[in-house]
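Read off the chains here:
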Amino acid sequence: MLWIISKYAITAAMVVLISELAKRSDRLGGLIAALPLVTVLVLIWMKLEGQSQAKIANHAWYTFWYVVPTLPMFVAFPFLYQRLGFWLTLLACCAMTIVLFALWALFLRRFGIELM
């Protein structure tokens, strides 16, 4: 139980740290948020919990493919935010990401990469 509480605390601390950095510096906050820190933590947690090399490698492999359809959101968000406000922009970006993910998964299936 202590292990899972530690994982929650460390992961939550990262999110809080990034949001606090972003308050002080847009660039630094964006840089730190863009780093794959959560993925690195997950890989560490998986290794420490005795997951197989194949399982850990698969996690990294699929994370790469899942990141790609999320990238347009970061371009659309600033543009839409000025026009739609925060909540509507967030909703639109989430919907766009879901649609792009589905299209991306269909596209990758042609190359033998199954995301869904």
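Scroll up a little and you will see the structure.
This is a predicted model, so every value here is computed, not measured. Residue positions within a chain follow its written sequence, with the count starting from 1. Only residues with pLDDT of 70 or above have their local features reported here, since the model is predicted, and side-chain atom pairs are shown and tallied only from 80 upward, although totals for entire chains, interfaces and linings are computed over all residues. Excluded from the side-chain calculations are hydrogens and water; all other atoms, namely the structure's heavy atoms, are used.

**Structural notes on the overall build of the protein chain**
- Put simply, DSSP H or I for four residues or longer makes a helix, DSSP E for two residues or longer makes a strand, and each gets a number counted from the N terminus. Looking only at helices and strands, one finds 6 helices and 0 strands in the protein chain.
- Order of helices (α) and strands (β) in the protein chain, N terminus to C terminus: α-α-α-α-α-α.
- Taken along its principal axes, the extent of the C-alpha atoms in the protein chain is 50 × 45 × 25 Å.
- Using a 1.4 Å probe on the protein chains alone, a residue whose accessible area is under 20% of its type maximum counts as buried, one over 50% counts as exposed, and one in between counts as partly exposed. Here the protein chain, with 116 residues, has 20% of them falling under the buried criterion.
- Contacts in the protein chain between residues far apart in sequence, at least 24 positions, make up 44% of those at least 6 positions apart.
- Only the protein chains shown count as cover for residues, and the accessible areas themselves come from Shrake-Rupley with a 1.4 Å probe. Taken as a whole, the protein chain presents about 8700 Å² of accessible surface, with 74% of it coming from carbon and sulfur.
- One way to put it: in the protein chain the 9 positive side-chain charges average out to a point 4 Å from where the 4 negative ones average out. Contacts between residues were defined by any pair of non-hydrogen atoms, one from each residue, lying within 4.5 Å. Positive charges come from Lys and Arg alone, negative charges from Asp and Glu alone, with His and the N- and C-terminal ends not counted. Lys charges are placed at NZ, Arg charges at CZ, Asp charges at CG and Glu charges at CD.

**Observations concerning the packing of aromatic side chains**
- Classification of ring pairs rests on two measures: the distance between centres of Phe, Tyr or Trp rings, Trp counted by its six-membered ring, which must be within 6.5 Å, and the angle between planes, read as stacked under 30 degrees, edge-to-face over 60 and tilted in between. Under the definition given, this model contains 12 aromatic pairs.
- With 5.5 Å between their ring centres and 45° between their planes, F77 and Y81 make a pair best called tilted. Of this pair, F77 and Y81 are both found in helix α5 (residues 71-84), 4 residues apart, which corresponds to roughly one turn of the helix.
- Between W104 and F107, the aromatic rings sit 5.8 Å apart at their centres with planes inclined by 25°, giving stacked as the arrangement. In this pair, W104 and F107 are both assigned in helix α6 (residues 86-109), 3 residues apart and thus about one turn of the helix distant.
- Among the aromatic residues, ring-to-ring pairing joins W61, F64, W65, W104, F107 and F111 into one connected group.

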